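Structural features, examined
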Number of protein chains: 2
Amino acid sequence: MNLNNPSFTIFYSIEEAIKAYRKLSLRKIETVIPDITVDQALVLQLINEEKLTQTEIADLIFKDYASMSRIIALMIKKDFLLKETDKNDGRVSILKITKKGESALKQLVPIINQNRKTALEGLTSEELENLKKMLNKITQNSKK
Amino acid sequence: MNLNNPSFTIFYSIEEAIKAYRKLSLRKIETVIPDITVDQALVLQLINEEKLTQTEIADLIFKDYASMSRIIALMIKKDFLLKETDKNDGRVSILKITKKGESALKQLVPIINQNRKTALEGLTSEELENLKKMLNKITQNSKK
DNA sequence: TATCTTTGTTTGATATATCAAGTACTATGA
DNA sequence: TCATAGTACTTGATATATCAAACAAAGATA
C-alpha cells in the first residue's frame, strides 16, 4: 500500500519540510518587506555577496535559466535591481542593487539567518552533516 | 559567508534532491505516458487506492486546495478522471478513474515504484528513518 | 424558517518550473 | 572574413504554488 510505504513517505517528508520552511520564510520576510518573495530575497543576498551572472545564480540555487530571467525581471520592475550590459561581453548582464534593494537587504539578512536557525533548532551539526550526505545521495542516484 | 554556510547548504541540498528526483520521475513517466505530470500520476494512484475527496488528497500530499482543483480539472480534460457530485453532499465531488486512466495507471505503478527505489538506492532503512525524523523536525520547527 | 457559519470547491492574480524556440552576441575554423 | 557553433539570456506555452475572494451547499442557531 502506498500511503504507508516508507519510500512514499520519504519524498513527502521532503516536500513537507521544504514547503513548511518556505512558508515560515515568507511569513517572516513579509513582516519587513511585503513586496519581495523568498527567492527574490535570496537572489538579492547572493548578488550582494559576489558578482554573479544570472546563469551563475541559477546554477547555484538550482533554478532554470528561464525562471531566473523572470525573477530578475520582476526584481527590476520592483526597483530592487538594475541591469547593465557588460562592456566586454555583450551577452552578459551586470546586476546591480538599487538603494531600495540595499535597504531591503539590511532588513532581510537577519531575518533570513533567523529563519534558518529556527527551522534547524535541535539538530546537531553531525545530524546536519548526515542529512546533507543522505540528500546528496538521493540527488546523485536521481541523476543517473 | 552565505554560500558555504551550513544552514544555507542544508536547504539547498533539500531543494536539489527533490528537484533531481522530480526530474527523474518525469523522464521515466513520460516514456510510458507522455501527457501526464508527476503530480497527476500520484493523484491517479491515490484515487485508485482509496476513495478520497479533493480536499483529502490535497492534505495528503501537501497541496493547496486551489492547486488541487486545477490538477483535477486538467486530469478531467485529458480524460484520466471523471467527476460526479456526491448525492449525500452536494458540495463534494466523487472522482472516478476512466478507462484511459486505468490503463495509464497499470503502466505507471511499476515505474513510480522503480523511481523511488532508484533514488533511495544505497540508503539503509535506519538511515531513511533517521532522514524522515530530521525532516519532520524541520517541519515542526517551521510551523511555530 | 431566516440568518449565520462552516465546508468543499472554484476562480483570479501573480510567481515560479519546465520545455522549446528564438535573439543577440562571441568564438572558432576553413 | 564568412559560415558555423556556442553562450547568455528571453519569450511563449503550460503546470503548479499561493493568497484572496467568491460560490454553493450543509449545518447550526435564534
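Reading the values: rules and limits
Residues numbered from 1 in each chain as written. Chains lettered and ligands numbered in written order. Predicted model: local features only at pLDDT ≥ 70, side-chain atom pairs only at ≥ 80, totals over all residues. Heavy atoms only, no water. Least-squares fit on C-alpha atoms with pLDDT ≥ 70 in both. Contact = heavy atoms within 4.5 Å. Axes fitted to C-alpha atoms, helices over the stretch in contact; angles between N-to-C directions. Helix = DSSP H or I, 4+ residues; strand = E, 2+ residues; numbered from the N terminus. Parallel < 35°, antiparallel > 145°, perpendicular 65-115°, else oblique. Nonpolar A, V, L, I, M, F, W, Y, C, P; charged D, E, K, R; others polar. Core = buried A, V, L, I, M, F, W, Y, C linked by side-chain atoms within 4.5 Å. Buried < 20%, exposed > 50% of the residue type's maximum accessible area, 1.4 Å probe, protein only. Buried area = accessible area lost by both parts, 1.4 Å probe. Salt bridge = Lys/Arg side-chain N within 4 Å of Asp/Glu carboxyl O. Polar contact = N/O pair within 3.5 Å; in protein donor to acceptor, adjacent residues only side chain to side chain. Phe/Tyr/Trp six-rings, centres within 6.5 Å; stacked < 30°, edge-to-face > 60°. Lys NZ or Arg CZ within 6 Å of the ring centre and 35° of its normal. Near = heavy atom within 4 Å.

1. Topic: the relation of the copies chain B and chain A
Think of it as a corkscrew move, a rotation about one axis and a shift along it, taking one chain copy to the other. In screw terms, the move from chain B to chain A is a rotation of 180° and a rise of 0.0 Å along the axis, fitting with an RMSD of 0.0 Å. Such a turn and shift between the copies fits a two-fold axis. Every residue of chain B has its C-alpha some distance from the rotation axis, and the shortest such distance is that of B:Leu131, at 3.1 Å. Residue by residue, 98% of the interface of chain B is reproduced at the interface of chain A, so both copies engage with the same surface.

2. What about the packing of helix α1 (residues 6-32) of chain A against helix α2 (residues 38-49) of chain A?
Residues and elements named next belong to chain A. Where α1 meets α2, the closest approach of the two axes is 9 Å, and the angle between their N-to-C directions is 75°. One finds that α1 runs roughly perpendicular with respect to α2. Contacts between α1 and α2 pair Arg22, Ser25, Leu26 and Ile29 from the former with Val38, Asp39 and Ala41 from the latter. Looking at the contact of α1 with α2 residue by residue, the classes come out as four nonpolar, one polar and two charged.

3. Things to note about the nonpolar core
If you look at the biggest cluster of nonpolar residues, it comprises 88 residues, and the most contacted ones within it are A:Leu44 and B:Leu44. Filtering out sequence-adjacent residues up to four positions away, A:Leu44 remains in contact with A:Ile36, A:Met75, A:Phe80, A:Leu81, A:Ile97, A:Gly101, A:Ala104, A:Leu105 and A:Leu108.

4. Some remarks on the interface of chain B and chain A
In this complex, chain B contributes 51 residues to the contact, which on the side of chain A involves 50 residues. Carbon and sulfur atoms make up 67% of the area that chain B and chain A hide from each other, which totals about 5,500 Å². Taken as a group, B:Phe11, B:Phe62 and B:Met134 account for 12% of the area that chain B buries against chain A, more than any other trio of residues on that side. For the pair chain B and chain A, the number of links is four salt bridges. Between B:Lys143 and A:Glu16 there is a salt bridge, with the nearest N and O atoms lying 3.9 Å from each other. Summed over the shared surface of chain B and chain A, the result is 14 residue pairs in polar contact (both at pLDDT 80 or more).

5. Regarding the packing of aromatic side chains
Applying the stated criterion across every chain yields a total of four aromatic pairs over all chains. Ring plane angle 10° and centroid distance 3.7 Å describe the contact between A:Phe11 and B:Tyr21, whose orientation is recorded as stacked. Taken together, the residues span two chains, with A:Phe11 in helix α1 and B:Tyr21 in helix α1 (residues 6-32). B:Tyr21 shares its class with A:Phe11; the two are buried. Lying across the ring of A:Phe80, A:Lys100 places its NZ or CZ 4.5 Å from the centre.

6. Notes on the protein's contact with DNA strand D
All names here are of chain A. The immediate surroundings of DNA strand D are formed by 27 residues, with Arg27, Thr55, Ser69, Arg70 and Lys83 found nearest. The protein-proximal atoms of DNA strand D, defined as those within 4 Å of the protein, are 68% sugar or phosphate. Measuring from a phosphate oxygen of DNA strand D, one finds a side-chain N or O atom of Thr55 at 2.3 Å. Lys83 has a polar side-chain atom sitting 2.4 Å from a phosphate oxygen of DNA strand D.

7. Considerations on unusual backbone geometry
The phi torsion at A:Phe62 lies on the positive side, around 60°, for a residue other than glycine. According to the relative accessible area criterion, A:Phe62 is partly exposed, its value standing at 27%.

8. Some details on the protein's contact with DNA strand C
DNA strand C sits among 27 residues. The nearest are B:Arg27, B:Thr55, B:Ser69, B:Arg70 and B:Lys83. Here the atoms of DNA strand C within 4 Å of the protein split so that 70% fall in sugar or phosphate, with bases taking the remainder. One of the side-chain nitrogen or oxygen atoms of B:Arg91 is found 3.2 Å away from a base oxygen of DNA strand C. At a separation of 3.2 Å, a phosphate oxygen of DNA strand C approaches a polar backbone atom of B:Ser93. Considering each element in turn, the surface near DNA strand C owes the most residues, five residues, to helix α4 (residues 65-77) of chain A. Across the surface near DNA strand C, the residue classes break down as six nonpolar, nine polar and twelve charged.

9. Observations regarding the environment of B:Lys51
Residue position: B:Lys51 is located in the loop between α2 (38-49) and α3 (54-60). B:Lys51 sits 43 residues away from B:Ile94 along the chain, and the two C-alpha atoms are 8.2 Å apart.

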